[in-house]
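Examining the three-dimensional arrangement
The chain contents come next:
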Amino acid sequence: MSDLDLPIRPRRNRRSEAIRGLVRETRLSPQQLIYPLFLHEDKGDTPLESLPGQTRWGLDGLVREVERAHKLGINAVVLFPKVPETKKNPSGDESWNDKGLIPRAIRAIKESVPGVAVITDVALDPYNSDGHDGIVRGGVIVNDETVDVLCKQALCQARAGADIVAPSDMMDGRVGAIRAALDAEGFSDVAILAYTAKYASAYYGPFRGALDSAPKAGDKKTYQMDPANAREALREAALDEDEGADMLMVKPAGPYLDVIAALRDFSPLPIAAYQVSGEYLMIKAAAQSGWLNERAVVLESLTGIARAGADMILTYFAAQAAEWL
Ligand code: PBG
């Protein structure tokens, strides 16, 4: 009765789903989701206890899962191998074995589902007996020597047919070195998705469990970024741009929305964000206890990441979210 006579009523734009749909600023689509997949050398598929709902796939299962996801609208996957201890050594040589697990997986996916872009992780941690992303010498992660091996790894992935290589190791200068190595071998069409602002995060715990890739000694703080720093992310972004990165990434995603927004403002390059294993697990655990509505929270978390400025989102919810969308 006594409503104030307000001239401006923002609620008019929220009156119905039809109107909300017209004014919506952020739209999620399966096309922008990237599905991370774990694989191992075994034939069978093993459900991952540390990541409920995710599986460590054998090659056949992997291809079937990529086919399934593709039918739901997912057009990009990223692959993470679990390498047996016997194939690990201090220089991570298995990372550039042309007959290794990742090259075989790339070929199998490209053959069966050519419409899916295959993204590969460039870093030594699954292959390195020290569990670090780079070569360890006297407790130090040596930069330039590691970069030489990363170039071999990226080339091996490109030869197998990778569309995009994604260095997640945080060594200095690796984007430029990998770009030069790819171009020199005729792989100028292979893109680089740089993990530009990858933080030394406790949210990676479940992932390291899934791959058995936790560092044997020390932590990753001398190469991954301090969670307290945002300006430093711009410095990394400037370098990655200069060195020829095609896309930049922020990781983790949810706790670093300010960094996503800052990179979005700073760079014209596409921005990716990685909703990591710990972020996935927190939602999963709460949903399994009946404390949260999984579907609503997943879509809201992804919308928040996109709204902050991410063009692409790597998420273990990719296939599920695509189904919901
Ligand atoms: C390692 C790598 C990590 C993740 C992706 N690539 C772990 C780490 O840096 O220790 C984490 C992904 C996740 O937690 O989902 N190069």
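The coordinates are above.
On a predicted model such as this, the values are computed, not experimentally measured, just so you know.

Details of the site of the ligand
The ligand sits among 18 residues. The nearest are Ser168, Lys198, Arg208, Lys251 and Tyr316. Within the side chain of Asp125, a nitrogen or oxygen atom sits 3.1 Å from a nitrogen atom of the ligand. At 2.7 Å from an oxygen atom of the ligand is found a side-chain nitrogen or oxygen belonging to Lys220. Against a free-state accessible area of 400 Å², the protein chains account for coverage of 100% of the ligand. Here the ligand is seated within the largest cavity.

Here we look at the side chain of Ser201
For Ser201, the position within the fold is in the loop between β9 (191–198) and α6 (205–211). A polar contact is formed between the side chain of Ser201 and the backbone nitrogen of Tyr203, at a distance of 2.9 Å. Not counting residues within four places of it along the chain, the set of residues in contact with Ser201 comprises Gln224 and Pro252.

Here's the deal with empty space enclosed by the protein
Taken as a whole and judged by the stated rule, the model has 3 cavities of 30 Å³ or more. If you add up the space inside the largest cavity, you get close to 140 Å³. Taken together, 17 residues line the largest cavity, and the ones lying closest to its centre are Asp125, Lys198, Tyr204, Phe207 and Lys251. Where the lining of the largest cavity is concerned, the elements lending two or more residues are β9 and α6. Tallied by class, residues from the lining of the largest cavity come to 7 nonpolar, 3 polar and 7 charged. Its volume calculated, the second largest cavity comes out at about 70 Å³. Along the wall of the second largest cavity there are 13 residues; nearest its centre are Glu94, Gly100, Leu101, Ile102 and Tyr127. Ranked by the residues each element gives to the lining of the second largest cavity, the list is headed by helix α3 (residues 101–112), at 3 residues. The residue makeup of the lining of the second largest cavity, split by class, is 8 nonpolar, 3 polar and 2 charged.

Criteria and cut-off values
Residues numbered from 1 in each chain as written. Predicted model: local features only at pLDDT ≥ 70, side-chain atom pairs only at ≥ 80, totals over all residues. Heavy atoms only, no water. Near = heavy atom within 4 Å. Polar contact = N/O pair within 3.5 Å; in protein donor to acceptor, adjacent residues only side chain to side chain. Areas by Shrake-Rupley, 256 points an atom, 1.4 Å probe, with all protein chains shown as cover. 1 Å grid on protein atoms, 1.4 Å probe; cavity = no way out; pocket = protein on both sides within 12 Å on 5 of 7 lines; lining within 4 Å. Sits in = over half its atoms within 2 Å of the grid points. Helix = DSSP H or I, 4+ residues; strand = E, 2+ residues; numbered from the N terminus. Contact = heavy atoms within 4.5 Å. Points joined across faces, edges and corners; volume = space filled by probe spheres on them. Nonpolar A, V, L, I, M, F, W, Y, C, P; charged D, E, K, R; others polar.

What is shown is where atoms sit, not what they do.
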